Amino acid sequence: MSRTGELMFDPGALSAVQRDGDACVVCHKRWPRPRVRAGCLPNGSGVFACDDCAPALPSPRPAEPEGGAGRPVSGPAPGEAVTHR
Ligand SMILES: [Zn+2]
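Quick look at the structure, then. Note that this is a predicted model, so its numbers are computed, not measured.

**Quick notes on the overall build of the protein chain**
For step 1, the next point in the chain: For the protein chain, the count of helices and strands is one helix and two strands.
For step 2, the next point in the chain: Moving toward the C terminus, one meets the helices and strands of the protein chain in the order α-β-β.
For step 3, the next point in the chain: Residues counted as buried form 12% of the 85 residues belonging to the protein chain.
For step 4, the next point in the chain: For the protein chain, the share of sequence-separated contacts (at least 6 apart) that also reach a separation of at least 24 residues comes to 44%.

**Remarks on the environment of Q18**
For step 1, the next point in the chain: Structurally, the position occupied by Q18 is in helix α1 (residues 16-19).
For step 2, the next point in the chain: Spatially, the C-alpha atom of Q18 lies 7.0 Å from that of H28, the residues being 10 residues apart in sequence.
For step 3, the next point in the chain: Ignoring anything within four residues of it in the chain, the contact list for Q18 reads A23, V25, H28 and V47.

Reading the values: rules and limits
- Residues numbered from 1 in each chain as written.
- Predicted model: local features only at pLDDT ≥ 70, side-chain atom pairs only at ≥ 80, totals over all residues.
- Helix = DSSP H or I, 4+ residues; strand = E, 2+ residues; numbered from the N terminus.
- Buried ≥ 20, exposed ≤ 12 C-beta atoms within 10 Å, placed from the backbone.
- Contact = placed C-beta atoms within 7 Å.

What follows is the structure in structure tokens.
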């Protein structure tokens, strides 16, 4: 999960031109040049999708609200299930 909430793409799964943003990350089309930012790589560079593929991409989720107040922290209860032999 990236800090920006963008999709993070695995650079190993993309071709060099896709990593450079010169080809659509979905269909590899290089012309017209993809111009919709689809996400980013772990190193921060953006990857792009063409107009046809952009709507099919999963939209990045909004950042989760801060604070897990409703989530109680429960650990293993100490001293339970200890039986004498
Ligand atoms: Zn495409």
